[in-house]
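The primary structure of each chain is shown beneath.
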Amino acid sequence: MKKRVIIIGSGVGGSAIGALLQHHGNFDVTIFEKNKLIGGRYATYEKKKDDGTYKLDIGCHMIANCDNGTMGTVLKKIGRPKAVQWSIAKNPAPIFHHKGKRIKFPVDFSQLDISEDEASRLQSLMNEIMHYPEEKLQKLEEEQVDVGTFLARYTKNRKVFPFFFFYVGMELVVPDNFAAASEWIRCHGTMARNDKIGYPVGGSGAIPTAYCRSIEEDGGKVELKAPVERILVENNEARGVKLKDGTIYSADIVISNAGLKHTVLELVGKDYFAEEFVERVNQYMYSLSTYQIKIALDEKITDEKMIMIPGDYVFMPMVSNLDPSLCPDGKQIIIAGASCPNVAQGFDPAKHDSQMKEAILRSVKKVLPEIEDHVMWIDVASPNDIEKLVGEDGNVIGIAQTINQVGKNRPKQELPIKNLYCCCADTGLHGIGGELAADSALRLYEKLVN
């Protein structure tokens, strides 16, 4: 008899574990998603205008490793390797905009007004990061070395730090003095070796949508606008869920993609757990959030695919150059985002929305001064918007990959209640953003089928 599996949330982790289990054949999966969109932080929505339909992401995404990463591995395991098409950011490749110059990093170190000797040493450092031995990574992890401290072992030249710190902020979304050097080296080194950063055709939502389509094609169910109120526990065992409309569904296994803190403190309730466990859950630190502006232009003004502005820490994917189907013919969409505090860390839309929007726009105009004559409209996604959609204080990834929250200190997938699991970026071991969630799904799948 098939095991009945209920999954709470259709983000990358929830939809991926659902697709894997349903495809296996011994599980009967139902996903309950509270929103009308699939994908959580990876959702894509449509904006209809007089000139046509625009597709915009909730987040500000470029995908590391693409089909070579964990999200691609899930597609291969469910027998649908081509269910997502990837547009790779090449020809032209991603570049930095620094003091009026376009710089390829690290090949253009010499343009940073540093000596040839230092440029050579930094190039060697980048090559070393690509092939960093596991035993040395373990040592960095055990010693809880942050990225800034790690880099200081190689250079004291502050001119190069913003480039490294930009990558850290973009990939782990935490400040450099909190970011675990071991995890950043793993993530950046893997991405550099694969030499793939790109964008899913149809928007970031194409990835969880492909997983959910696989669930349904293999006989499972995906229910939208179906918020879960409680996880039902009896004799320290998960028995099912109660929806907010009062409907009760029983299950042999319950998997939450709703985040560790929300699962433990709200969906189950802290009274079901030991005080020590609840205290540990409360102490986990979330990543920062992002503030994003999505700019629609009346004509195409650049062929670039991704520009990074290290001095301002602004990240600009030119998404319609990667996927022209995102907007009507002749138009262009540019996304610009920057890290900022999450809601719990003090982001207040009433105080900060206009400041963040104007600051990011100033950065965009420095790189593309001609943009002012072509802006049709701007959509904004602030930490408050992410908070309303997925909760977790509006953070952008989940529990952060800080020096004391990586490796053996990552939250576990198995909760102290039988047949209850957490599968999301919080419980991912390695990876950038959505890769963490897919990593969690792949590891949980192996546990459940074995």
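Our structure's up above, just so we're on the same page.
First, a word on scope: everything that follows refers to the structure included in this document. Please read all numbers here as calculations on a predicted model, not as lab measurements.

## A few points about the pattern of salt bridges
Part 1: Considering all chains together, one arrives at 27 salt bridges under this definition.
Part 2: Taking the shortest distance from any N to any O, the salt bridge between E128 and K136 comes out at 3.2 Å.
Part 3: We classify K136 as partly exposed; its relative accessible area is 35%.
Part 4: A salt bridge links D312 to K366, with the nearest nitrogen and oxygen atoms 2.7 Å apart. Here the residue D312 occupies a position in the loop between β16 (306-309) and β17 (314-317), and K366 occupies one in helix α12 (residues 349-367), the gap between them amounting to 54 residues.
Part 5: Residue D312 is classed as partly exposed on the basis of its relative accessible area, which comes to 29%.
Part 6: Linked by salt bridges that have partners in common, E134, E141, E183 and R186 make up one network.

## Considering the state of the cysteines
Part 1: Taken as a whole and judged by the stated rule, the model has 0 disulfides.
Part 2: Left without a disulfide partner, C66 is nearest to the cysteine sulfur of C187, which lies 15 Å away.
Part 3: A relative accessible area of 1% places C66 in the buried class.
Part 4: Of the cysteine sulfurs around C423, a residue in no disulfide, the closest is that of C424, at 6.9 Å.

## Comments concerning the layout of surface pockets
Part 1: Quantified by volume, the second largest pocket comes out at close to 590 Å³.
Part 2: Lining the second largest pocket are 24 residues, with F105, P106, Y167, A192 and D195 sitting closest to its centre.
Part 3: When contributions to the lining of the second largest pocket are tallied by element, the ones reaching two or more residues are α3 (116-130), α6 (161-172), α7 (181-194) and β16.
Part 4: In terms of residues, the lining of the second largest pocket owes the most to one element, α3, which gives 4 residues.
Part 5: Taken together, the residues of the lining of the second largest pocket break down into 17 nonpolar, 3 polar and 4 charged.

## A few points about the pairing of strand β15 (residues 289-297)
Both faces of the sheet carry side chains from a regular strand, because those side chains alternate between them.
Part 1: Here β15 lies mainly inside the structure; 9 of its 9 residues are buried.
Part 2: Residues S289, Y291, I293, I295 and L297 line one face of β15 and the alternating positions T290, Q292, K294 and A296 line the opposite face, and both faces are buried.
Part 3: Sheet analysis places β15 next to strand β18 (residues 332-340), joined by 9 bridges and oriented antiparallel. Along β18, the bridge assignment pairs Q292 with G337.

Thresholds, definitions, all that
- Residues numbered from 1 in each chain as written.
- Predicted model: local features only at pLDDT ≥ 70, side-chain atom pairs only at ≥ 80, totals over all residues.
- Heavy atoms only, no water.
- Salt bridge = Lys/Arg side-chain N within 4 Å of Asp/Glu carboxyl O.
- Buried < 20%, exposed > 50% of the residue type's maximum accessible area, 1.4 Å probe, protein only.
- Helix = DSSP H or I, 4+ residues; strand = E, 2+ residues; numbered from the N terminus.
- Disulfide = S-S within 2.5 Å.
- 1 Å grid on protein atoms, 1.4 Å probe; cavity = no way out; pocket = protein on both sides within 12 Å on 5 of 7 lines; lining within 4 Å.
- Points joined across faces, edges and corners; volume = space filled by probe spheres on them.
- Nonpolar A, V, L, I, M, F, W, Y, C, P; charged D, E, K, R; others polar.
- Pairing = 2+ DSSP bridges.

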